[in-house]
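A closer look at the structure
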Amino acid sequence: MGKTYERIEGRLRTFIEEQPVFFTATAPLSADGTVNLSPKGLKGSLAVLDDRTVAYLDFAGSNAETIAHLRENGRITLMWCAFQGPPNIVRVHGRGEPVLRDDPRFPELLARFPDIDPAPHGLRAVIVVTAELVRDTCGYAVPFMAYETDRDLHGKRFAREDDDSLNAYFAKKEHVATSLDGLPGLPLPLPPSTV
């Protein structure tokens with residue numbers, strides 16, 4: 001039923017790039033730490049960089065669990081599932097890194113997302129994931145659901161923010177600078193935006 005692949009190429013790459021939503025899972029090293037699972041969307045905010053590397057834009061939100069876990073241990077799993085067409089689930093298990101706005105690699109990575117304007121979304125980082133294990137499984141029990149369009153609420157909410165107000169917003173949130181388990185999260189204040 002499941003198959004392991006050495007690379008993200010061909011039909012796997014096409015499948016990943018066509019999905020309007022994917023999920024990320026991370027966890028701290030602590031056995032009693034909180035596992036985090038997050039849905040990700042916004043068409044154009046994910047890019048397959050090469051046959052072993054994917055990246056996605058990390059926007060402003062209520063917490064920074066993924067960034068905290070990646071800073072601690074780097075473990076991450078990404079998952080895409082077919083809600084239309086033939087049943088399929090693809091998982092990329094790998095090592096992730098948050099590339100923050102003051103990292104010299106940030107502008108070059110950002111250029112890999114030409115179809116999305118990150119400015120209105122409070123862009124915090126680009127998450128880069130290097131695949132260690134790529135698998136697909138059947139997805140027979142995943143229901144059919146129709147994709148209509150991206151919600152515009154996130155962009156409308158964070159388009160009102162500049163760097164100063166965004167930093168003030170993050171400073172008020174309980175789990176942005178530190179995770180639910182007290183790990184270092186998003187380094188604050190954010191460096192100035194280059195977008």
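In the block above lies the structure referred to throughout.
An account of the accompanying structure is given in this report. Residue positions are counted from 1 within each chain, in the order its sequence is given. Only residues with pLDDT of at least 70 get local features here, since the model is predicted, and only at 80 or more are side-chain atom pairs given and counted; chain-wide, interface and lining totals rely on the full set of residues. Note: side-chain values were computed over all heavy atoms of the structure, leaving out hydrogens and water.

Roughly 1,000 Å³ of internal volume is contained in the largest pocket. Surrounding the largest pocket, 36 residues form its lining, V21, P39, K40, G41 and L42 being those nearest its centre. The secondary structure listing takes helices from DSSP runs of H or I that are at least 4 residues long and strands from runs of E that are at least 2 residues long, numbered from the N terminus. Only β3 (36-40), β5 (53-59), α2 (65-72) and α4 (153-158) provide two or more residues apiece to the lining of the largest pocket. A class-by-class count of the residues in the lining of the largest pocket yields 16 nonpolar, 12 polar and 8 charged. By volume, the second largest pocket is sized at about 310 Å³. Each cavity reported here is a set of points on a 1 Å grid over the protein atoms alone in which a 1.4 Å probe fits but cannot get out, each pocket an open set with protein on both sides within 12 Å along at least five of seven lines, and each lining residue one with an atom within 4 Å of a point. E17, K43, G44, S45 and L46 are, among the 21 residues lining the second largest pocket, the residues nearest its centre. Taken together, the elements giving at least two residues each to the lining of the second largest pocket come down to α1 (10-18) and β4 (46-50). Grid points are joined across faces, edges and corners, and a volume is the space filled by probe spheres set on the points. Residues are grouped as follows: nonpolar covers Ala, Val, Leu, Ile, Met, Phe, Trp, Tyr, Cys and Pro; charged covers Asp, Glu, Lys and Arg; every other residue, Gly included, is treated as polar.

This part covers the packing of aromatic side chains. Planes of paired rings set the category: under 30 degrees apart is stacked, over 60 is edge-to-face and the rest tilted, where pairs are Phe, Tyr or Trp rings (Trp by its six-membered ring) whose centres lie within 6.5 Å. Counted by the stated rule, this structure contains 4 aromatic pairs. Where F22 meets Y56, the ring centres are 5.4 Å apart and the plane angle is 70 degrees; that geometry is what we call edge-to-face. Residue F22 is found in strand β2 (residues 22-26), and its partner Y56 is found in strand β5; the two are separated by 34 residues along the sequence. Side by side, F22 and Y56 carry an identical accessibility label, which is buried. Type-normalised accessible area, obtained with a 1.4 Å probe on protein chains alone, sets the label of each residue: buried when under 20%, exposed when over 50%, and partly exposed for intermediate values.

These figures come from the coordinates and say nothing about function on their own.
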